[in-house]
Amino acid sequence: MQTKMNWIVILRYGLIGGVVALYFSMIGMVEAFSLRNLVGTILNLGNILLFGGMLAAGYMAVRQHEGAPFAKKVLAGLLAGAVAALVPILLIVGDQNLALRPIFVNVTPAIIRTLTFGREGAAGFLILTLVSAGVGLLAALYHSLPPRFRSPIGKAIAWTLILAIFSELVIQILRNLSATALSSLLFTGNSFKPAAAIGLLILLTALFFFQEWRHTRHLSADPVATEKTKRARLRTRVIQFILLGAFLLAAPYIVGSFLSQVLFEIGRYVLLGLGLNIVVGYAGLLDLGYVAFFAFGAYTMAILTTTTALNPSPGVFNFWLALPIAVVVGVLFGLILGFPVLRMRGDYLAIVTLGFGEIIRILALSDWLAPIMGGAQGVLSIPVPSLFGIDFRGPERMYYLVLFGSLLAAFISVRLRDSRLGRQWMAMREDEDVAEAMGINLVQTKLLAFAIGAGFSALGGAIFAARLNTIFPHSFNLLISVNALSLIIVGGMGSIPGVIVGAIALVGLPELLRQFQEYRLLMYGIVLIVMMLVRPEGFLPTDIIKRELHRSDAPDQPNVEIQA
Amino acid sequence: MLKKVPLRISGVDLFLRLFQIATAVVIIYALYNTATAARYSAGSWATLVFAGLAQGSIYALIALGYTLVYGILLMINFAHGEVYMAGALSTVFLAEYFARSGFLNANPILAILLLILFAALISMIVALLLERIAYRPLRNAPRLIPLITAIGASFTLQYTFRGLFGSQFRSYPAVSVLQGSWNVFGFSVPIVQLVVFFAAVALMAALYWYVERTKAGKAMRAVSEDKDVARLMGINIDKVIVTTFALGGALAGAAGVFNGLFRPQGVFFLMGFFPGIKAFTAAVLGGIGNIPGAMIGGLLLGLIESLGPNLILEGLGIPSANQLKDAIAFTVLVLILIFRPQGILGERLSDKKA
């Protein structure tokens, strides 16, 4: 129990919060995001970014005063918030006295106005300090709530914010379900009406409170009921499954054309992610040149179905005939590129495969191979696939193609995971030497991982080429490999639902927040770092990985290294 | 007596050996073609050699950062290219200010020294932040995890600098003293290339002296040899790791200024990617973890990259070979890792290290 004020902690967290606020202000995110209103014109996304750090600072400072009397907690929160305001004030002072603007492109009058709430001089500093101390106070009040209320309120706030951020999506879906009355009740433009936001907050709080209350009652319920609940849970599982299936089939017609494109993108990355998941997640071979196979698939499709030097009579191949060939080409290149790297492990493998990916891209760009691969102009006018007279034109219809591809890939992944080969991969991932001693043929096992992963990637590439009708070497950069890798990591290595969640989180959400495209990769990087620091096993980890990564938590394992 | 084990040749070894022979044949064929065609004069080869050496010394400085960190933590600091970018990009503004105020041309040596110090300082700060925030908490994690963090850090740094300074290309101002060329062995060589080369070599010599002759350097070598024993000997591991990142960062920052003198254009937030990968190649080429190796690897890679397109690719009859310059570095990397993963000077790494 600590009841004395811990000034150092308050100062430290306050300064960290202030630096975070300064960082987001100086790189221009606060200004760009403040265009996005969340609740009326009172709260915008920029505010959240600016004061989020201060809120967190206040919360952390108050948490260090666990068990202190209420007044001291409040004081800690207030002070941490006020300290946090000092750092942005430095920026304002700097802007007035030094010529920062020609150097830092995002130190603009607009951001200064946001920081000072439009006031000049000392009044501006005062109001910034007051607001940020107020934010710290909010954090202290939140922390002082009894835990029974804290978690439902926190969840309700989070969900309201999420709904507000994705309001365009919500409005679009409401419109397609012809519930425009509800949407005009809740939103003005694309931000919540203040009253609606408060109502929603209360409703959600009540809902989460009720849910938790029911959950605690369940835990204390008598054990006889468990058999019944198990059956009930199975039933809800089946119903959920059917609903999900129905949604997946009807999705393009519920969500409209733009969101179908988003779904297509998600599907494409699910396909890529499932393939890479075999290489990285199952077999433990870190492949950063995965985009190469995607490119092989796309170029095979492009070259076979259009007129090029290699293929003067494109009429022979249609999409359906070229698709298996593209996959076979991908598998072959998986074997060819896999062979030289059989002896490499870990970091080295990562860098060499990265090198392969870049070599392929540079070759596709060069004049040398331009007669075949089109050089910098790429390959144009790839025909639209059609089946029984239906053209797969536009995102709504291509979605079905990619949906089918991903389902197939998911099915193959599940079957492979539980097969003898899957177990060999996992044994190899855990320890190559032991696996070899157990009689596993490492050459064959590794090559199969590369080849099958490459096949999935090539399938994705072929569909991608048919969707875009045009491919350029620039579409096949390192970023695709990194995206695919990140979504596996974020979802949980080796986990198939994880790949899907990862694709939705890392590909789907940024597509929806397109107005902030500029900051997409920045957020990506931050997510990767934070994820690795906080939850390295991903959102939906498999049991093995979870156990492995938390091995050092177990008491019987002495931790050799001392962590700072 | 041990029973003699009959020699077994696996299919993979056989294949790799054949591949090695094929590569050698192709290179010799290309060299022969180029030599008989005699399309370029000795002067133009010399130009390529000196440009390659200057570029290579910049690679070497960056490569030292990879090698130092790898030697101690056994991890590839994937974001090191961004550390280099941070120094180079931030210093453009100071250089422009010096140029505007006339200081740069009035007092070029002092001005350039100040620029180098400033860039080294910025890069060092970035490297230290990187270590503190992204790597230190993960020191005991499985090896894949810091690598992924490093990829994330790389993106974060790129787009942070884009947010700070914008996305336009900037360029270093010209220094009038460095214009023109000197006569070396009868070839005219741009002064800037000589200055960059010798300054970089001086820095490398200073680093070598630091690691081999000072107490802090001794501690560094001890930690890279065996961390646990070093700790038992009373060495503060954290301090050594911080020093390592600081040194690597400072060298990368200096490399950023040299690059700005040598190739003033093209300073922008993504400029770190290719030099980063190439410097890594250089480090692997020389033997990663080995300090003289990084220097030799850097210079060699600079030469290969500079001469390769004309010497080998044109010999193979590939048109517009200079487009494939970047691919050469990657090909070298792949070939080195396949055939001699320990590099030129490196010792054979045990499986745990490799």
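Calculation criteria
Residues numbered from 1 in each chain as written. Chains lettered and ligands numbered in written order. Predicted model: local features only at pLDDT ≥ 70, side-chain atom pairs only at ≥ 80, totals over all residues. Helix = DSSP H or I, 4+ residues; strand = E, 2+ residues; numbered from the N terminus. Rg over C-alpha atoms; globule rule 2.2 N^0.38 Å. Buried ≥ 20, exposed ≤ 12 C-beta atoms within 10 Å, placed from the backbone. Expected span 1.5 Å × (residues − 1). Bend = angle between axes of the 7 residues up to and from the residue. Domains from an automatic or database assignment. Contact = placed C-beta atoms within 7 Å. Nonpolar A, V, L, I, M, F, W, Y, C, P; charged D, E, K, R; others polar. pLDDT = per-residue confidence, 0-100. Pairing = 2+ DSSP bridges.

The next point concerns the overall build of chain A. In terms of regular secondary structure, chain A is built from 23 helices and 6 strands. Its C-alpha atoms give chain A a radius of gyration of 27 Å, within 12% of the compact-globule value 24 Å for 564 residues. Principal-axis analysis of the C-alpha atoms places the extent of chain A at approximately 80 × 65 × 55 Å.

Let's shift gears to the overall build of chain B. Of the regular secondary structure elements, chain B holds 13 helices and 2 strands. With the principal axes as the frame, chain B shows a C-alpha extent of 80 × 60 × 40 Å. Every one of the 354 residues in chain B was classed for burial, and the buried ones make up 49%.

Further remarks concern helix α11 (residues 273-286) of chain B. Residue and element names in this part refer to chain B. In a regular helix each residue adds 1.5 Å, so 14 residues correspond to 20 Å; α11 covers 20 Å between its end C-alpha atoms and thus fits that length. Of all 14 residues making up α11, 12 are buried, and the element is well covered by its neighbours. Buried residues of α11: Pro275, Gly276, Ile277, Lys278, Ala279, Phe280, Thr281, Ala282, Ala283, Val284, Leu285 and Gly286, and no others.

Residues and elements named next belong to chain B. End to end, helix α12 (residues 291-313) covers 31 Å across 23 residues, agreeing with the expected 33 Å (1.5 Å per residue, within 8%). At Leu307, α12 shows its largest kink, close to 55°, and the proline Pro309 lies no more than four residues downstream. Among the 23 residues of α12, 19 are classified as buried, and the element is accordingly described as predominantly covered.

With that out of the way, let us pick up the domain arrangement of chain A. A common way to express how large an interface is: the accessible area buried when the components associate. Residue and element names in this part refer to chain A. Domains assigned within chain A are domain 1 (1-144), domain 2 (148-221) and domain 3 (244-553). Facing 4 residues of domain 1, the contacting portion of domain 3 comprises 4 residues. Residues belonging to the side of domain 1 that touches domain 3 are distributed by class as follows: 3 nonpolar, no polar and 1 charged.

With that out of the way, let us pick up the domain arrangement of chain B. Residues and elements named next belong to chain B. What the domain assignment lists for chain B is domain 1 (80-198 + 235-269) and domain 2 (272-347). Using only C-alpha atoms to locate each centre, domain 1 and domain 2 end up separated by 21 Å. On the domain 2 side, the residues contacting the 5 residues of domain 1 number 5 residues. Classifying every residue of the side of domain 1 that touches domain 2 by side-chain character gives 2 nonpolar, 2 polar and 1 charged.

Moving on, we come to the environment of His143 of chain A. Residues and elements named next belong to chain A. Structurally, the position occupied by His143 is in helix α6 (residues 121-144). In the structure, His143 is positioned 279 residues away from Gly422 in sequence and 47 Å away in space, judged by C-alpha atoms. Beyond its immediate chain neighbours, meaning those up to four positions away, His143 contacts Tyr59, Val62, Arg63 and Lys73.

Now for the confidence of the model for chain A. Across chain A, the average pLDDT comes to 80, with 90% of residues at or above 70. The low-confidence segment residues 553-564 of chain A (pLDDT under 50) makes 9 contacts with residues lying over four places distant or belonging to another chain.

Turning to the pairing of strand β1 (residues 181-184) of chain B, a few remarks are in order. Residue and element names in this part refer to chain B. Relative to strand β2 (residues 187-190), β1 is paired through 4 bridges, and the arrangement is antiparallel. By the bridge assignment for β2, Ser181 is matched with Pro190. Connecting β1 to the antiparallel partner β2 that follows it, the hairpin turn spans 2 residues, and Phe185 within it adopts a positive phi of roughly 50°.

What follows is about the interface of chain B and chain A. Counting residues at the interface gives 46 residues for chain B, matched by 47 residues for chain A. With 15 residues, the single largest contributor to the side of chain B that touches chain A is helix α6 (residues 144-165) of chain B. Its residues placed into classes, the side of chain B that touches chain A shows 31 nonpolar, 10 polar and 5 charged.

Glycine aside, residues mostly have negative phi, and peptide bonds are mostly found in the trans state. Residue and element names in this part refer to chain B. Even without being a glycine, Leu74 presents a positive backbone phi close to 55°. The topology assignment puts Leu74 in the loop between α2 (42-73) and α3 (80-101). A tally of 19 C-beta atoms within 10 Å means that Leu74 is categorised as partly exposed.

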